[in-house]
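Commentary on secondary and tertiary structure
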Amino acid sequence: MLTPSSSAAATATQPAEALSFVSVQAVRAYPLDAQPAIPIEQDHPPAAGWVDVKLPDVWSTRWPDFDGVVWYRLSWQQARVDTPVAVLLDYLNMSGAIYLNGTLLDSDAHLSEPLSRAWNMPRYLLLPSALLHEGTNTMFVRVSGFAIYQCGLGSAAIGPPALLQARSNDARWIRIDLQLFSLAVTATLGCFFLSMWLMRRRETVYSWFSLMSLTWWIFGCNQTATSPWPFASTDGWEIANVVAFSVYCTSYTVFTLRFCARRWPRFERVLWLIVILSSAIQLCVPHQRIHDVRTVLYIGQAIHFFATSLVFIFFAWRQGRTEHRILACCTAVFMVAGVHDLLTFLTIIGGFVFYTALTSQLQMIGMALVLGRHFVANLRRIEGFNEDLTQSVEAARSELTRTLQRQHELEIANARLGERLNLAHDLHDGLGGTLVSNIVALERAPQDVPPQRFLSILKELRDDLRLIIDSTASQHYGETTLADQLAPLRHRLTRLLETQGIECHWYPSGIEACVLPSAKSMEIMRIVQEALTNVFKHSRASQVEIGMRYDEQGLRVTVQDNGVGFIPHGDGEDHGTGMRSMRARVGKLGGIFDIQSSPGATLLMVQLPPFAEQT
């Protein structure tokens, strides 16, 4: 950097690289809200009021609370106009225009609110030889800004173009290019972990890291932004910048707690309450107090950040794991840069370069690597769990297969037992009834039974056995009508009853439309057969009527005789096996079984639901 010289020694004999400004002065022009509405090319500095200054200059030290336009005049001696000469301005805060010997060379887009934000941009200008004079040359720099934002002009140098352009490129690389690279890395990591959190909401550490990254990106844009957009004023931009820094520090603390598997709800609520209150205070204070409030908030949040970092570093080295210590190293580097930038902001140390935006990418990348390592570890645990789960499922599947096989074997055995039990009931109700009726006939009058009767008995037993076999085999051939199934039994029972002097009458109705499986037809026939066998064996009746009616309400079966009757008992206390068998069969079909008996009249009633509902 070249400083102004109070000496007015002639420089015409000096080589070009030895040029220096012999005079640097400044003058206060007019406030921003009172600047004339004239083109920038026609704007001129005041003729009087110039004072000597030393660059870099912050005019608030000289003119406190002045928000407006300040002109700087830089003079030097030029020996030859054909020698290439360039000028490098370290910075121009906040926005401005540059003139050479009264001619405009460069100007920012906005010289009034909203001001262009050119404060971090080095200005390299190759001076046109046509505008240079032999002897004294003057460069005017018009600066527009607010006193509370440290407005003024940075160091200036004049000399060979190659040397100054190299210095300008170096400054641009550090202040702009590296900052843009850092912002790109920060935004990428923030968006990446935000998407990861959206896919896995339980990992809240990803959400806090994303919020921390994105708010730091907003805060870091202050280094490269050239306008206060989307805000309409410089104050709006600066307030948003402080709010972003406050949110960053608080989210950094919450992220650190989550990263260390800690939750302090009350402490976290207090931090967010401070952020809200500080934001509201900034919106309410007048323009003249914004600088004081901003300084207090920056210092307070910086202390908060340093305290969190120190506690985390202490925790990482005393109790933390490897990933904690890796992040602690990155945090320590970032803390050193943060201390430097805080002292620079407070003008305790000189310079205009801020290193936190450059070193933040180291911390962000370190955090991202640690979170990535944590994510990979979780994936490995999930893969191990999946392998264990697969083995457990295979073991459970094998055990289930064995259980199902055992269950299938038991079901087969149970089905066989059920078939045997049904066969036993069929034999009892069919063959048993026939045998009993013929045994009774033989016992009453064995001398009256002709030899042909024995052949008839054997044929009846054969027919009943055939009925059992046919009904069992017919279960494999679909459904038949109840009338078809009942016809052979009806003929045989009627003949049997009439041979014993019992008049038998059948009253079927609608059973031709009753289509049902053979097994159910067999159940109904066995009920009828057992009821008529009881009439034959016990009633001493002379007449019996059998009614069978099928309609939309279901099937109704009645057996009524004029015998001696009996005293019915309650459920489960029937007279014999036959009565219990009938009741069990009716229950299997989902019907209602009832008996009413008195001397001279016995009525057995069975009500079965529609069989379409039973399938």
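Conventions adopted
- Residues numbered from 1 in each chain as written.
- Predicted model: local features only at pLDDT ≥ 70, side-chain atom pairs only at ≥ 80, totals over all residues.
- Heavy atoms only, no water.
- Helix = DSSP H or I, 4+ residues; strand = E, 2+ residues; numbered from the N terminus.
- Buried < 20%, exposed > 50% of the residue type's maximum accessible area, 1.4 Å probe, protein only.
- Patch = residues over 30% accessible without salt bridge, like charges linked within 9 Å, V, L, I, M, F, W, Y side chains within 5 Å.
- Areas by Shrake-Rupley, 256 points an atom, 1.4 Å probe, with all protein chains shown as cover.
- Salt bridge = Lys/Arg side-chain N within 4 Å of Asp/Glu carboxyl O.
- pLDDT = per-residue confidence, 0-100.
- Contact = heavy atoms within 4.5 Å.
- Core = buried A, V, L, I, M, F, W, Y, C linked by side-chain atoms within 4.5 Å.
- Pairing = 2+ DSSP bridges.
- Axes fitted to C-alpha atoms, helices over the stretch in contact; angles between N-to-C directions.
- Parallel < 35°, antiparallel > 145°, perpendicular 65-115°, else oblique.
- Left-handed = near helix turned anticlockwise from the far one by under 90°.
- Nonpolar A, V, L, I, M, F, W, Y, C, P; charged D, E, K, R; others polar.

1. Concerning the overall build of the protein
The number of helices and strands found in the protein is eleven helices and 19 strands. Counting all 615 residues of the protein, 47% fall into the buried class.

2. A short note on a nonpolar patch on the surface
Taken together, the side chains of Phe 385, Leu 389 and Val 393 define a hydrophobic patch exposed on the protein surface, amounting to about 270 Å² of accessible area. Its location among the elements puts Phe 385 in helix H7 (residues 356-444). A residue is classified by how much of its surface remains accessible, and Phe 385, at 52% relative accessible area, is exposed.

3. Points about the confidence of the model for the protein
Across the protein, the average pLDDT comes to 81, with 82% of residues at 70 or higher. Segment residues 1-17 is flagged for pLDDT under 50; beyond a separation of four residues in sequence, or across chains, it makes 26 contacts in the model.

4. Quick notes on the nonpolar core
Counting residues in each nonpolar core, the largest one holds 49 residues, and the members touching the most others are Trp 59, Tyr 72, Leu 74, Leu 127 and Val 141. Elements represented by at least two residues in this core include exactly strand E1 (21-31), strand E4 (68-78), strand E5 (86-89), strand E7 (95-100), strand E10 (135-145) and strand E12 (156-159). Element by element, the count of residues in this core is highest for E4, at six residues. Those residues in contact with Leu 127, other than ones at most four positions away along the chain, are Trp 76, Val 85, Ala 86, Val 87, Leu 100, Leu 105, Leu 132, Met 139 and Ile 158.

5. Topic: the sheet that holds E5
Spatial ordering of the open sheet is given by E9-E5-E12, a layout of three strands whose pairing is antiparallel. Each having just a single partner strand, strand E9 (123-126) and E12 make up the two edges of the open sheet. Neighbour-to-neighbour, the strand axes of this sheet turn through a mean angle of 15°, independent of strand direction. Sheet topology note: the E5/E9 ladder contains four bridges and is antiparallel. In the sheet register, Leu 89 faces E9, and the bridge partner there is Arg 123. The strands touched by helix H1 (residues 161-199) within the sheet are E5, E9 and E12, with E5 carrying the most contacts at an inclination of about 25°.

6. A short note on unusual backbone geometry
A cis amide bond links Asn 93 to the next residue, Met 94, at an omega of 25°. With respect to the secondary-structure elements, Met 94 resides in the loop between strand E6 (92-93) and E7. Note the cis peptide between Trp 229 and Pro 230, where omega equals 15°. Structurally, Pro 230 is set in the loop between helix H2 (204-220) and helix H3 (234-259).

7. Some details on the packing of H1 against H2
Across the interface, H1 lies against H2 with an axial gap of 8 Å and an inter-helix angle of 155°. As judged from the angle between their axes, H1 and H2 are roughly antiparallel. Handedness of the H1/H2 crossing: left-handed. Along the contact surface, H1 presents Leu 183, Thr 186, Ala 187, Leu 189, Gly 190, Cys 191, Phe 193, Leu 194, Met 196 and Trp 197, while H2 presents Thr 204, Tyr 206, Ser 207, Phe 209, Ser 210, Ser 213, Leu 214, Trp 216, Trp 217 and Gly 220. The residue makeup of the contact of H1 with H2, split by class, is 13 nonpolar, seven polar and no charged.

8. A closer look at the side chain of Thr 494
Secondary-structure assignment places Thr 494 in helix H9 (residues 482-499). Not counting the four nearest positions on each side in its chain, Thr 494 is found in contact with Cys 504 and Trp 506.

9. Re the pairing of strand E8 (residues 103-107)
Bridge count between E7 and E8: four bridges; the pairing is antiparallel. Considered in E8, the bridge of Ala 97 is made with Ser 107. Remark: two residues form the turn of the hairpin made by E7 and E8, two consecutive strands paired antiparallel; Asn 101 in that turn has positive phi of roughly 50°.

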